[in-house]
Amino acid sequence: MVDARRTLTARGLLDGHAERLATASADVRITVLPASLQLNLRVDTARAPLDAVEEAIGAPLPGALSSVTTALGISVVWLGPDEWLVSDPARSATLERRLRVAVGDAGAVVNQSGQRLSLLLDGDARGLLAKGTGLDLDPRVFPEGAAVQGLLAQSAAIFVSRSADGSKVELIVRTSFARYVADWLLDALVDPLAYPASSSGD
């Protein structure tokens, strides 16, 4: 018989990996970021009242291959000519409704919370990721705020530069591949190849 007085504790998908990721290497610290409200925003920019959309977000929509973070911590990542990923760590109860009103019939707002999660790589992020992706993450072509989609060890991911020197990269992955990516990162952290990134001929 279930004890009705017991309470359930929510667990994150990578709770079992978090400490190992953070401490596995002196070269890169990997932090599992808290779950956030995630909204897929599709907008017909020729028809939508962009001022209203941007007011609801709190920042202009970023252009191609870029992202923006508002003063309130809302992150907006460009995914395509008419598509953005809006993430709110504060999980505002009104952001989704405000965006739906602003977009009207000129687009769509789909709540995809739980579909993706984020990892922040801090340190030799470029050296580590070079082991699993062909993307050029050199800060000269991947400056702070840049956002690109690609593969990491055969898993689709979004890469967002979070520092001017390339030392911080946010990796946004599908939850269905999150444990696979976490295990790959743990293996890659102890593999000496590609360390440090500056030794690769920069």
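Residues numbered from 1 in each chain as written. Predicted model: local features only at pLDDT ≥ 70, side-chain atom pairs only at ≥ 80, totals over all residues. Heavy atoms only, no water.

Here we come to the overall build of the chain. A count of helices and strands for the chain gives 5 helices and 10 strands. Scaling as 2.2 N^0.38, a compact globule of 202 residues should have a C-alpha radius of gyration of about 17 Å, and the chain matches this with 18 Å. Across its three principal directions, the C-alpha atoms of the chain cover 60 × 50 × 30 Å. The buried share of the chain, taken over its 202 residues, is 45%. Charge-centre separation for the chain: the mean point of 19 positive side chains lies 8 Å from the mean point of 24 negative side chains. (Helix = DSSP H or I, 4+ residues; strand = E, 2+ residues; numbered from the N terminus. Rg over C-alpha atoms; globule rule 2.2 N^0.38 Å. Buried < 20%, exposed > 50% of the residue type's maximum accessible area, 1.4 Å probe, protein only. Lys, Arg positive; Asp, Glu negative; His and termini not counted. Charge placed at Lys NZ, Arg CZ, Asp CG, Glu CD.)

Another aspect to go through is the sheet that holds strand β3 (residues 67-69). Overall, antiparallel pairing links the 5 strands, which are arranged β3-β4-β5-β2-β6 in an open sheet. With one partner strand each, in any of the chains shown, β3 and β6 (107-111) form the two edges of the open sheet. Strand-to-strand twist in this sheet, taken as the mean axis angle between neighbours without regard to direction, amounts to 20°. Pairing analysis gives 5 bridges linking strand β4 (residues 75-80) to strand β5 (residues 83-88), with the strands arranged antiparallel. (Pairing = 2+ DSSP bridges. Axes fitted to C-alpha atoms, helices over the stretch in contact; angles between N-to-C directions.)

With antiparallel pairing, the 5 strands of this open sheet are ordered in space as β1-β7-β10-β9-β8. Taken across any chain shown, the strands that pair with only one partner, and hence form the sheet edges, are β1 (28-32) and β8 (147-152). Each neighbouring strand pair of the sheet contributes to a mean axis angle of 30°, computed without reference to strand direction. Across the sheet, helix α1 (residues 15-23) lies against β1 and β7 (116-123), angled at about 160° from β1, the strand it touches most. Across the sheet, helix α5 (residues 178-189) is in contact with β1, β7, β8, β9 (155-161) and β10 (168-174); its angle to β10 comes to roughly 140°. (Contact = heavy atoms within 4.5 Å.)

Take unusual backbone geometry next. Of note in the backbone geometry, R91 takes a positive phi value of approximately 55° without being a glycine. Within the fold, R91 resides in the loop between β5 and α3 (95-103). Notably, Q154 is not glycine yet its phi reads approximately 70°, a positive angle. In this structure, Q154 sits in the loop between β8 and β9.

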